[in-house]
Amino acid sequence: MKAQAVLAFFFTLIPSLCGPQDASFSHVSMNEQIVTGRLGEDVILPCSFESGPNVVIHWKNQDTNVYSYYRDSDQLEKQDPRYVNRISLFHGEIHSGNASLSFRRLTLQDEGIYVCYVGTSLGKITKKVVLKVGAFVTPVMKYEKNTTNSFLICNVLSVFPYPIITWKVDNNTSISENNGKEVGSLGPFHINSRVNITGSNSSYQCEIENPLLKQTWTGRWTRKEASPRVPAGIIVPVLVAVVSAVLLLSVAPRAVRSRRCIGFHRERHAPY
């Protein structure tokens, strides 16, 4: 349920300030506050008021009853089933002026405009909170090759709303994706974005932005030249040749020294 530009909420507190929420309505103006939550996580919809006796709290989403509190206790008989056991007030802080609503395990269906109405013996306030829900599981970048072509693929398993996807070559030139696929028409989306890099030696960059959550992920890929490989059959003979050369180099000086020593002794003991 998307946020509308203007919303008017009508409600008149019954004289006792403690009866049920069904009553006649009068126009109340309100300020708007935007809250962004993550799919599957928790969030708080804020609502504060000037504390006073006989507190009555009503939260609504359009015409749907979200939460009601009066006579110092929760009144949830008319609560919409999708909110059961997923929302609560901060009961220990109500008489201090806190009527905020705690949301657990957010779903995309929780998006919408929520109105907080609080009345006490001292007066009443109405506040509007626009809840937006986003999702962004960390993408991955991978290389694939078939018999004729090579591809780079940026894969996102879960993202909402639909992201901004940008491919670049050599860090500056933007290119169009060769093929984009999405799964889930209502979200969250599962996206495969790919480009054909057959025969290219350029570097590539894939950038995926979720503007709602203000998150951007960047993946980079560069082709590396393969170093020449030595055939396995040549490795052993080469090692033997290297070891032999080392041994010869180490033995040769000793042989020379030995010959010199023999020659020296022969000269020393030669007959006159």
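Residues numbered from 1 in each chain as written. Predicted model: local features only at pLDDT ≥ 70, side-chain atom pairs only at ≥ 80, totals over all residues. Heavy atoms only, no water.

**Q** Could you give an account of the environment of P53, with specific residues and numbers?
**A** By the secondary structure assignment, P53 is in the loop between β4 (43-45) and β5 (56-61). Overall, the relative accessible area of 45% leaves P53 in the partly exposed class. For the pair P53 and D72, spaced 19 residues apart in sequence, the C-alpha to C-alpha distance is 10.0 Å. Ignoring any residue separated from it by four or fewer positions in sequence, one finds P53 in contact with T120, S121 and L122. (Helix = DSSP H or I, 4+ residues; strand = E, 2+ residues; numbered from the N terminus. Buried < 20%, exposed > 50% of the residue type's maximum accessible area, 1.4 Å probe, protein only. Contact = heavy atoms within 4.5 Å.)

**Q** With reference to specific residues and values, describe the state of the cysteines.
**A** Applying the stated criterion across every chain, the model contains two disulfides. Here C154 pairs with C206 through a disulfide, and the sulfurs are 2.2 Å apart. Remark: C206 occurs in strand β18 (residues 203-210) and C154 occurs in strand β13 (residues 150-160); sequence separation between them is 52 residues. Considered together, C154 and C206 belong to a single accessibility category, that of buried residues. (Disulfide = S-S within 2.5 Å.)

**Q** Which residues make up the packing of aromatic side chains, and what values do they have?
**A** Per the counting criterion, the structure on display carries seven aromatic pairs. Here the aromatic rings of Y83 and F103 are separated by 5.9 Å at their centres, their planes lie at 75°, and the arrangement is edge-to-face. Placement of Y83 in the loop between β7 (73-74) and β8 (87-89) and of F103 in strand β9 (residues 101-103) is noted, with a sequence separation of 20 residues between them. Overall, the relative accessible area of 0% leaves Y83 in the buried class. (Phe/Tyr/Trp six-rings, centres within 6.5 Å; stacked < 30°, edge-to-face > 60°.)

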